[in-house]
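Here is what each chain is made of, one letter per residue.
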Amino acid sequence: LQVVESGGDLVQPGGSLRLSCAASGFAVDYYTIGWFRQAPGKEREGVSCIASSDGGSNYGDSVKGRLAISRDNAKNTVFLQMNNLRPEDTAIYYCAAAPTLLSCNTFYASDFATWGQGTQVTVSS
């Protein structure tokens, strides 16, 4: 099982990015997929989650209204559209897969078993 993130970049405040999480070895609609981020000196933070059971989603409080998670089963990829980016969004963003988590009502890093290497997002003028 493997997930690979891409799409991170340097962007100005107010800009947008779309991150991708490409899965191999499993179908993304059979696993709950989460996005997490970690900034230097800070703990890993849950950003978004899309559930395997019904495609329901959830977002961290700091990103609600600015991010949107989606899933393309044909491409076996989960996307994270990030809008109105702020300097405090600067972090390494990780994608992760959870085989037994059926809902995104709450999602913690400990629920996820398969992790990617991360992609760097830098928001700066």
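What you see is a predicted model; the values in this text were computed from it and never measured. Counting from 1, residues in each chain are numbered in the order their sequence is written. The predicted nature of this model means local features are confined to residues of pLDDT at least 70 and side-chain atom pairs, given and counted, to a pLDDT of 80 or more, with totals for whole chains, interfaces and linings taken over all residues. Excluded from the side-chain calculations are hydrogens and water; all other atoms, namely the structure's heavy atoms, are used.

Undergrad: In this structure, what is going on with the state of the cysteines? I would like to understand it.
TA: Cysteine pairs can be linked by a disulfide, which is a covalent bond between their two sulfur atoms. Cysteine sulfur atoms are paired as a disulfide whenever they fall within 2.5 Å. Scanning the model with the defined rule gives two disulfides in all. One disulfide bridge connects C21 with C95, the sulfur atoms lying 1.8 Å from each other. With the S-S bond torsion at -55°, the cross-link from C21 to C95 turns out left-handed. Separated by 74 residues along the polypeptide, C21 in strand β3 (residues 17-24) and C95 in strand β9 (residues 91-98) bring together distant segments of the chain. Between the sulfur of C49 and that of C104 lies a disulfide, 2.0 Å long from S to S. Per the convention used, a helix needs a DSSP run of H or I reaching at least four residues, while a strand needs a run of E reaching at least two, with both numbered from the N terminus.

Undergrad: For this particular structure, what's the right way to read the sheet that holds strand β8 (residues 77-82)?
TA: The pairing of strands in a sheet happens through backbone hydrogen bonds and is either parallel or antiparallel. Strand order across the open sheet formed by four strands is β1-β3-β8-β7, with antiparallel pairing between neighbours. If you trace the sheet from one side to the other, it starts and ends with β1 (2-6) and β7 (67-72), each paired once. Ignoring strand direction, the axes of neighbouring strands in this sheet form an average angle of 15°. Paired strands are those between which DSSP finds at least two bridges. Here an axis means a line fitted to C-alpha atoms, over the contact stretch when the element is a helix, while the angle between two N-to-C directions is reported on a 0 to 180 degree scale.

Undergrad: Could you clarify how one ought to interpret the pattern of salt bridges in this entry?
TA: It is possible for side chains of opposite charge to pair when their charged atoms get near one another. Each salt bridge in this description consists of a side-chain nitrogen of Lys or Arg and a carboxyl oxygen of Asp or Glu lying within 4 Å of one another. By the definition in use, this model includes four salt bridges. Salt-bridge contacts for D89 lead to R37; the nearest nitrogen and oxygen are separated by 2.9 Å. Highlighted residues: D89 in the loop between β8 and β9 and R37 in strand β4 (residues 32-38), separated in sequence by 52 residues. Summarising the burial analysis for this pair, D89 and R37 share the class buried. Put simply, D89 and R66 hold a salt bridge, and the shortest N to O gap is 2.7 Å. Taken together, the residues D89 in the loop between β8 and β9 and R66 in the loop between β6 (57-59) and β7 connect sequence positions 23 residues apart. Burial classes follow relative accessibility: with a 1.4 Å probe on protein chains only, a residue under 20% of its type's maximum area counts as buried, one over 50% as exposed, and anything between as partly exposed.

Undergrad: What's the story with the nonpolar core in this structure? I'm lost.
TA: Among soluble globular proteins, nonpolar side chains are generally buried collectively. For the purposes of this section, nonpolar cores are sets of buried Ala, Val, Leu, Ile, Met, Phe, Trp, Tyr and Cys residues that join through side-chain atoms within 4.5 Å. In this structure, F26, I33, W35, V78, L80 and Y93 are the most contacted members of the largest nonpolar core, which totals 28 residues. At the level of secondary structure, the elements contributing two or more residues to this core comprise β3, β4, β5 (45-50), β7, β8, β9 and β11 (119-123). Ranked by size, the runner-up nonpolar core spans nine residues in total, among them F36, C49, A51 and L101.

Undergrad: I'm lost on the pairing of β11 in this one. Help?
TA: Two faces belong to every sheet, and in a regular strand the side chains alternate between them. Here β11 shows a clear split, with T119, V121 and V123 buried on one side and none of Q120 and T122 buried on the other. Pairing between strand β2 (residues 10-11) and β11: two bridges, direction parallel. Residue V11 lies in a different strand from β11, and its bridge partner there is V123. In this sheet, β11 lies alongside β9 in antiparallel orientation, the contact comprising three bridges. Considered in β11, the bridge of A91 is made with V121.

Interpretation in functional terms is not warranted from these geometric data alone.
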